[in-house]
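In case you want the letters, here they are:
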Amino acid sequence: MNNFNYIKADSPDHAIQQISDRQRTFLLAGGTNIIDLWKYNLTHPDTLVDLSQIKGLKTIHTLENGGLHLGALVSNSDTAHHELVKSKYPLLSKTILAGATAQIRNSATNGGNLMQRTRCHYFYDAAAPCNKRNPGSGCPAIKGHNRMHAILGHSDQCIAVFPSDMCIALAALDAIVKVKSSRGERIIKFSDFHRLPGDQPEKDNTLENDELIIAIELPNEGFSDHYSYLKLRDRNSYAFALISVATGLVLDGQIIQKANIALGGVAHQPWRVPEAEEFLIGKDATPENFANAADIILAGAKGFEHNSFKIPLAKQAIIRNGAMALHPERQRPGAQPSL
Ligand code: SF4
């Protein structure tokens, strides 16, 4: 029997008062990951703080600067189907709908999506060593089953990948994350939110122990004319990405004015390489130029016994998604090619 305290928070400040020790106090939003972790005997909260009734974190609205505010507790489904998201940020809508299942998206929240843990199968096996779950115990994935694992940014401590689809679009869209604690609010650039494993693989992100995500905000530029999300996976539904690419382009004719490219399934965080995006500015939107950008993005990539195939696959995905972004109207809603 695992006894625990249950607190239903009625405001962000009420929740913040409870979370000074995140090691023992867990937050419940949609519950689509924490309940799994609990059932698998991987986590044992002393206190569970239920956020689900905090109404102030459930809004989507336009910002004064033309951007968009996404409340942390809005469900993934409500976000993906919101008119403002579909019309101005269709890349985000499409990316959310490529993830999980309709039932999970109905329950999962925007803040929770950022906080989900890796799906490395050793991490979910309480009998296996795992540096992320039990620092210093080892990483069996490095010489084990590593087909789904990282090719970029890994360390000798952990080669896990961050599993989100939604966050790949948020990275490409230059989102920011608004967080709050008893010290006040602060903003974290999306590119600074998730971290690489280094020698502290137990830390997934840069959130402080006492901070609560209250919103995600998008800038005015939504790449609604030229965007694409390509997710390559073993089956066409309810599977995590082997490789995914979110691309947003601003074009003047065929000339690229702005190119944002984020990769999923390759690292412990959504992967962007500013040098590759700068390389594309002023160039024709051709497969050759996307191929050269892909080489910059994948410089330094290193695979393991079972996942080296991801490196050439990622290059082809970047090239193909660049072409798809030129004509988003040709993509069937929700359609995702499988391998
Ligand atoms: Fe654990 Fe990371 Fe190794 Fe997976 S890759 S077993 S999460 S340390």
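Criteria and thresholds
Residues numbered from 1 in each chain as written. Predicted model: local features only at pLDDT ≥ 70, side-chain atom pairs only at ≥ 80, totals over all residues. Heavy atoms only, no water. Salt bridge = Lys/Arg side-chain N within 4 Å of Asp/Glu carboxyl O. Helix = DSSP H or I, 4+ residues; strand = E, 2+ residues; numbered from the N terminus. Buried < 20%, exposed > 50% of the residue type's maximum accessible area, 1.4 Å probe, protein only. 1 Å grid on protein atoms, 1.4 Å probe; cavity = no way out; pocket = protein on both sides within 12 Å on 5 of 7 lines; lining within 4 Å. Points joined across faces, edges and corners; volume = space filled by probe spheres on them. Nonpolar A, V, L, I, M, F, W, Y, C, P; charged D, E, K, R; others polar. Pairing = 2+ DSSP bridges. Axes fitted to C-alpha atoms, helices over the stretch in contact; angles between N-to-C directions. Contact = heavy atoms within 4.5 Å. Domains from an automatic or database assignment. Near = heavy atom within 4 Å. Sits in = over half its atoms within 2 Å of the grid points.

## Examining the pattern of salt bridges
Inference 1: Counted by the stated rule, this structure contains 16 salt bridges.
Inference 2: Measuring nitrogen to oxygen at the nearest pair gives 3.0 Å for the salt bridge that ties aspartate 46 to arginine 24. One end of the pair, aspartate 46, is in the loop between helix H2 (34–39) and strand E3 (47–50); the other, arginine 24, is in the loop between helix H1 (12–18) and strand E2 (25–28), and 22 residues separate them in sequence.
Inference 3: On the basis of relative accessible area, aspartate 46 is assigned to the partly exposed category, the value being 36%.
Inference 4: Look at arginine 24 and you get partly exposed, because its relative accessible area is 38%.
Inference 5: With a shortest N-O distance of 3.3 Å, lysine 86 and glutamate 83 are connected by a salt bridge. Of this pair, lysine 86 and glutamate 83 both sit in helix H4 (residues 83–88), separated by 3 residues, roughly a single helical turn.
Inference 6: Residue class for lysine 86 comes out partly exposed when judged on its relative accessible area of 38%.

## Quick look at empty space enclosed by the protein
Inference 1: Taken as a whole, this structure holds 2 cavities of 30 Å³ or more when the rule is applied.
Inference 2: Roughly 80 Å³ of internal volume is contained in the largest cavity.
Inference 3: If you trace the largest cavity, you find 16 residues lining it, with Cys120, Cys130, Cys139, Ala141 and Cys158 closest to the centre.
Inference 4: Among the residues forming the lining of the largest cavity, the class breakdown is 11 nonpolar, 4 polar and 1 charged.
Inference 5: Quantified by volume, the second largest cavity comes out at close to 40 Å³.
Inference 6: Along its surface, the second largest cavity is lined by Arg117, Thr118, Lys132, Val161, Phe162, Asp204 and His268.
Inference 7: Split into classes, the residues belonging to the lining of the second largest cavity amount to 2 nonpolar, 2 polar and 3 charged.

## Describing the pairing of E2
Inference 1: With 4 bridges joining them, E2 and E3 adopt parallel strand pairing. Considered in E3, the bridge of leucine 27 is made with valine 49.

## Some remarks on the sheet that holds strand E11 (residues 255–264)
Backbone-to-backbone hydrogen bonds join strands into a sheet, with any given pair of strands oriented parallel or antiparallel.
Inference 1: Across the sheet, 3 strands lie side by side as E9-E10-E11; this open sheet has antiparallel pairing. Sheet topology places strand E9 (227–232) and E11 at the edges, where each strand pairs with a single neighbour. Adjacent strand axes in the sheet meet at a mean angle of 15 degrees when their direction is disregarded.
Inference 2: Where strand E10 (residues 243–252) meets E11, 9 bridges bridge the pair, whose relative direction is antiparallel. Looking at the pairing, aspartate 252 lines up with isoleucine 255 of E11.
Inference 3: Strands E9 and E10 of the sheet are contacted by helix H5 (residues 90–97), whose axis makes an angle of about 15 degrees with E9.

## Some details on the domain arrangement of the chain
Inference 1: On domain assignment, one finds that the chain holds domain 1 (5–50), domain 2 (57–115 + 162–218) and domain 3 (227–328).
Inference 2: Of note, the centres of domain 1 and domain 3, computed from C-alpha atoms alone, are 36 Å apart.

## Here we look at the site of the ligand
Inference 1: Neighbouring the ligand are 14 residues; Cys120, Cys130, Cys139, Cys158 and Ile159 lie closest to it.
Inference 2: Judged by its atoms lying within 2 Å of the grid points, the ligand is housed in the largest cavity.
Inference 3: Along the lines of polarity and charge, the residues of the shell around the ligand split into 10 nonpolar, 3 polar and 1 charged.

## Some thoughts on unusual backbone geometry
Inference 1: With phi around 65 degrees, asparagine 41 is a residue other than glycine that occupies positive phi space.
Inference 2: With respect to the element layout, asparagine 41 can be found in the loop between H2 and E3.
Inference 3: The exposure class of asparagine 41 is partly exposed, given its relative accessible area of 49%.
Inference 4: Not every positive phi belongs to a glycine, and tyrosine 238 is a case in point at roughly 55 degrees.

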